[in-house]
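# A closer look at the structure
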Amino acid sequence: MHHGSCLCGSVRYDLSADLGEFGYCHCKSCRKASGSGHGANAPIERVHFHLRSGEETLREYESSPGKLRVFCSRCGSPIYAYLAATPGILRIRLGSLDSDFTQQPRAHTFVAEKALWEPINDEIPQFPEWAPRSVLNQRGSRQA
Ligand SMILES: [Zn+2]
Ligand SMILES: [Zn+2]
């Protein structure tokens, strides 16, 4: 259904189901992990994630207790993250997709932490921290 890869091409994956809903997260750790103004991550069940190559270059980094970030150790591209508490749900880094994904973001989250250099000039609802699940259900995250 979708496929993606890292910057150097050693990690390649296919997805056998559609991705869940997503938002733009402006929290400090998403900014650090992405190297940009916000993160954009959508959930999928691990059983629908199929690693085609790059198992030897994938590494996991535990950025906070129980939060694992998985990236290519050759080029540094983030691929997905997951919680040790919910290992069956991966949160795919949308920038790694190579196929067309047309779903649009439902919310700006953690706007209270956003970078001063990133303006938000769209009509997508903004929340100082997590969005309510009725607006954006962030499966596989720590959303309350
Ligand atoms: Zn790579
Ligand atoms: Zn975040």
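See the structure printed just above.
Residues numbered from 1 in each chain as written. Chains lettered and ligands numbered in written order. Predicted model: local features only at pLDDT ≥ 70, side-chain atom pairs only at ≥ 80, totals over all residues. Heavy atoms only, no water.

### Some words on the overall build of the protein
What counts here: What counts as a helix is a DSSP run of H or I of at least four residues, what counts as a strand is a run of E of at least two, and both are numbered from the N terminus. Just to be clear, the radius of gyration here is over C-alpha atoms, and the globule rule we use is 2.2 Å times residues to the power 0.38.
The number of helices and strands found in the protein is one helix and 10 strands. Helices and strands appear in the protein in the N-to-C order β-β-β-α-β-β-β-β-β-β-β. Taking 15 Å as the expected radius of gyration for a compact globule of 144 residues, we find that the protein reaches 15 Å, a close match to that expectation. With the C-alpha coordinates aligned to their principal axes, the bounding extent of the protein is approximately 40 × 30 × 25 Å.

### Side note on the packing of aromatic side chains
Inclusion rule: Each Phe, Tyr or Trp ring (for Trp, its six-membered ring) is paired with any other whose centre lies within 6.5 Å, and the angle between the two planes then decides the class: stacked below 30 degrees, edge-to-face above 60, tilted in between. Relative accessibility thresholds used throughout: buried, under 20% of the residue-type maximum; exposed, over 50%; partly exposed, between the two (1.4 Å probe, protein chains only).
Taken as a whole, this structure holds six aromatic pairs when the rule is applied. Between the aromatic rings of Tyr 80 and Tyr 82, the centroid separation amounts to 6.4 Å while the plane-to-plane angle is 40°, which identifies the pairing as tilted. Owing to a relative accessible area of 10%, Tyr 82 belongs among the buried residues under this scheme. On the numbers, 5.1 Å between centres and 80° between planes, the contact of Phe 110 with Trp 130 is edge-to-face. Taken together, the positions of Phe 110 in the segment after β10 (108-109) and Trp 130 in the segment after β10 put the pair 20 residues apart, joining distant regions of the chain. Residue class for Trp 130 comes out partly exposed when judged on its relative accessible area of 31%.

### Considering the sheet that holds strand β5 (residues 49-53)
Threshold: By definition, two strands form a pair when at least two bridges between them are found by DSSP. Working convention: axes come from line fits to C-alpha atoms, limited for helices to the stretch in contact. Angles between N-to-C directions cover 0 to 180 degrees.
Spatially, the three strands line up as an open sheet ordered β1-β2-β5, and their pairing is antiparallel. Of all strands in the sheet, those with a lone pairing partner are β1 (2-5) and β5, marking the two edges. Across this sheet, the average inter-strand angle for adjacent strands is 25°, counted without regard to direction. As paired elements, strand β2 (residues 12-15) and β5 share four bridges and run antiparallel to each other. Considered in β5, the bridge of Arg 12 is made with Ser 53.

### Section: the sheet that holds strand β6 (residues 58-64)
One open sheet accounts for seven strands, arranged β6-β7-β8-β9-β4-β3-β10; its pairing is mixed. At either end of the open sheet lies a strand with only one pairing partner, and these are β6 and β10. As paired elements, β6 and strand β7 (residues 67-72) share six bridges and run antiparallel to each other. Pairing of Arg 59 across the sheet is with Phe 71, part of β7.

### Some words on the coordination of the zinc ion (ligand 1)
Selection rule: Think of the donor list as every N, O and S atom within 2.8 Å of the metal, or within 3.2 Å for Na, K and Ca; water never makes the list, so a site can look incomplete. Labels for metal geometry use angle windows, namely 85 to 135 degrees for all angles of a four-donor tetrahedral site, and for square planar (four donors) or octahedral (six donors) sites opposite donors over 155 degrees apart plus all others within 65 to 115; sites meeting none of these are irregular.
The zinc ion (ligand 1) binds to the protein through Cys 6 (SG), Cys 8 (SG), Cys 72 (SG) and Cys 75 (SG); the donor distances cover 2.3 to 2.4 Å. Geometry at the zinc ion (ligand 1) is tetrahedral, judged from its four donor atoms and the angles of 103 to 115° they form at the metal. Written as a sequence motif, the donor residues of the zinc ion (ligand 1) are C-x1-C-x63-C-x2-C. Separated by 69 residues along the polypeptide, Cys 6 in the loop between β1 and β2 and Cys 75 in the loop between β7 and β8 (78-83) bring together distant segments of the chain. Residue Cys 75 is classed as partly exposed on the basis of its relative accessible area of 25%.

### Remarks on the nonpolar core
Threshold: As used in this record, nonpolar core signifies buried Ala, Val, Leu, Ile, Met, Phe, Trp, Tyr and Cys residues forming a set joined through side-chain atoms within 4.5 Å. A contact between two residues is defined here by any heavy atoms of the two lying within 4.5 Å.
If you look at the biggest cluster of nonpolar residues, it comprises 22 residues, and the most contacted ones within it are Leu 15, Leu 19, Phe 49, Ile 79, Tyr 80 and Ile 92. Those elements that place two or more of their residues in this core are β2, β4 (39-45), β7, β8 and β9 (89-93). Beyond its immediate stretch of four places on either side in the chain, Tyr 80 contacts Arg 46, Phe 49, Leu 68, Arg 69, Val 70, Leu 90, Arg 91, Ile 92 and Arg 93.

### Section: the coordination of the zinc ion (ligand 2)
For a metal bound by four donors in tetrahedral geometry, the ideal donor-metal-donor angle is 109.5 degrees, whereas six donors in octahedral geometry ideally sit at 90 or 180 degrees. Protein-derived ligands of the zinc ion (ligand 2) are Cys 25 (SG), Cys 27 (SG) and Cys 30 (SG), with the metal-ligand distances lying across 2.2 to 2.3 Å. Each donor residue of the zinc ion (ligand 2) lies on one chain, and together they are spaced C-x1-C-x2-C.

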